[in-house]
Every structure is written in C-alpha cells, then in structure tokens.
Amino acid sequence: MPRTSPSSTPASPADSSALEKPPPGGLCAIHQPNFFPRLSTLAKIFAADYWIVLDDVQFARRDYQHRARLGSRSDLAQRQWLSLPTHLPRGRSALVREAVLADPERSRRRVMLLLAQQYGDCTDWPLFRHELESVLLQFRRAGRTADVAEESTRILLRLLGWKGRILHSSRLPARTERSHRLADLAAATGARGYLCGTGGMRYLELAPFAAQDVSVIPFRTPEAGIWQGGREVSAVCPLMAYGIRTVSGELHAVASRPGPSTRSV
C-alpha cells in the first residue's frame, strides 16, 4: 500500500479545519479519540495519510474514549483499567467533544502514577515520559476528555514517526446516517481509500462509498508477537515491552504490505 503522507507534522487541534485538508488521493482513517488506544486502532491510523477524529458522535461510556486497559509486560493476562472520570453535560445524548473531565487534577496524578508503576523501568520509558508531558498538560488546559484522549494518541504517533495529518469530523460536511457520514467525511478530504477495521466491516454499507469513488479497504492486524492482545490492551504496553523502534517497524510493515488486509472492496 503506497504511502502518500505529506512531510509536515500533525497539525494541532486549533489548526485542523476543512480549509487545511491534505493533498487528495491518500488513505483515510476515521475513529473516535481513544485514550491511549489499542495497538490495532493505532496501526489503522498509522497506515492512513490522515486521521479524521470522529468528535461529533455520541459519547459511549463502554468504549475506549475515556479509558485504556494497561497490560503487564510480564503477563498479558494481568490487566488494569486506567479510566478518566467523565461528566456528560447532556447525559447519554452528549457528544464526544462535549464530555468533560470530572476531576482533572486527580486524573492527571493517577495517569502518571499508574503508567510509571507499569512501565517506569522500561528502556524507552524516558522517551515516552517526555512526550507524556503534553498529555498531562491537557488535564489543566482543556478540561475536555476528548482533548486528553486525542493528545494521548498524538504522542504515540509522534514516537512512531507518523507523518500524516489530523482533521476533525465536526469541521467537515457530512450526513448523519452512519455509512453515509463516513463516506462523506472520506470524500471531503479527497481520499481514494477508507481504512475500515474488522468491527466496522460488520455494519458498513459500501454503496455510499462507491457513489463517491472511495474504496473501502478492510484493515486487519496480525495476532502473534507484539500483536498479541493488540485488540484489547493499550499500545503503550507493546511500545514499552518491545521498544519504540521495534513497534514502529511492525507498523510500517503492516501499512505497506499487499494482500487481503489492504485490498479494496
């Protein structure tokens, strides 16, 4: 799968807009902001030329928007939730971008404590800890759960050397029905292909994409090695356990390989 990423670094949330779209013809991933996302989610974003942050859909408490499952380096069966207490101003109908941190300072301290306990003795912890500072600052600056979650994904992408762009669905024109929304968002950026995970392929309608001349590309990740537990635990675990360089190499390989995982439908 050829990469067409521009060489610029990801834009900040304030800079991402419908007026600053990447060059057309690339691959697009659309996903809600996840707090320290799982490796499978991170790999899909990494394989794309741009990530559209899906911030104008309903917040889901049972999803990964405000929590991450930390895995133990020595025993993958040992897992611990790291959650951000979140307040929904409009109750269950609140959108992702409307959710706010219920106790920002306490959450900030807990994030730092648990990550240090789990991975503080890892070789690449100093590099990760340096990037983590920008996430910790979001607790004091933003107050929105989505901003913290998005920044947690940004730092992982930076560590892995991703050169893509980040846009936000709330700033792009799209219809409301699920498949039509995704097709409209992909088309608004000029994408030639939309990367769709295994979960999305179960419900996605292909016709709206075909109407916009956007290919739907099933995206799957391996299951062995660093990918074990990749659909369940945060990507922070393999990054710290195997090293940033190793994980980066694996993600580059998955992003560039031909075959079923990158075949248009």
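Relevant structure appears above.
Residues numbered from 1 in each chain as written. Predicted model: local features only at pLDDT ≥ 70, side-chain atom pairs only at ≥ 80, totals over all residues. Heavy atoms only, no water.

Asker: Got a minute to help me understand the packing of aromatic side chains in this structure?
Answerer: Any two aromatic rings considered together are summarised by their centre-to-centre distance and by the angle between their planes. For the structure shown, the criterion picks out 5 aromatic pairs. For the pair F36 and F128, a centre-to-centre distance of 6.1 Å together with 50° between the ring planes defines the contact as tilted. Of this pair, F36 sits in the loop between strand 1 (27–31) and helix 1 (39–47) while F128 sits in helix 3 (residues 125–141), and the two are 92 residues apart along the sequence. Comparing F36 with F128 shows no difference in burial state: the two are buried. A ring pair is formed by Y64 and W81, whose centres lie 6.0 Å apart and whose planes are at 40°; its orientation type is tilted. Of this pair, Y64 sits in the loop between strand 2 (50–53) and strand 3 (67–71) while W81 is found in strand 4 (residues 79–83), placing the two residues 17 residues apart along the sequence. Residue classification places Y64 among the buried positions, given a relative accessible area of 15%. On the accessibility criterion, W81 (29% relative accessible area) is partly exposed. (Phe/Tyr/Trp six-rings, centres within 6.5 Å; stacked < 30°, edge-to-face > 60°. Helix = DSSP H or I, 4+ residues; strand = E, 2+ residues; numbered from the N terminus. Buried < 20%, exposed > 50% of the residue type's maximum accessible area, 1.4 Å probe, protein only.)

Asker: Can you walk me through the nonpolar core in this structure?
Answerer: As a rule of thumb, nonpolar side chains are buried together in soluble globular proteins. If you look at the biggest cluster of nonpolar residues, it comprises 54 residues, and the most contacted ones within it are F35, F36, V111, L115, Y119, F128 and L156. Take this core: its biggest share by element is 7 residues, from helix 4 (residues 145–160). Not counting residues within four places of it along the chain, the set of residues in contact with Y119 comprises L70, G71, R73, W125, V236, C237 and M240. (Core = buried A, V, L, I, M, F, W, Y, C linked by side-chain atoms within 4.5 Å. Contact = heavy atoms within 4.5 Å.)

Asker: Looking at this structure, how should I read the sheet that holds strand 9 (residues 215–218)?
Answerer: Read from one edge of the open sheet, 5 strands run 7-2-1-8-9, paired in parallel fashion. For this open sheet the edge positions go to strand 7 (165–168) and strand 9, each flanked by a neighbour on one side alone. Taking each pair of neighbouring strands and ignoring which way they run, the sheet shows an average axis angle of 30°. Note that strand 1 and strand 2 share 4 bridges and pair parallel. Its bridge partner lying in strand 2, C28 is registered against Y50. (Pairing = 2+ DSSP bridges. Axes fitted to C-alpha atoms, helices over the stretch in contact; angles between N-to-C directions.)

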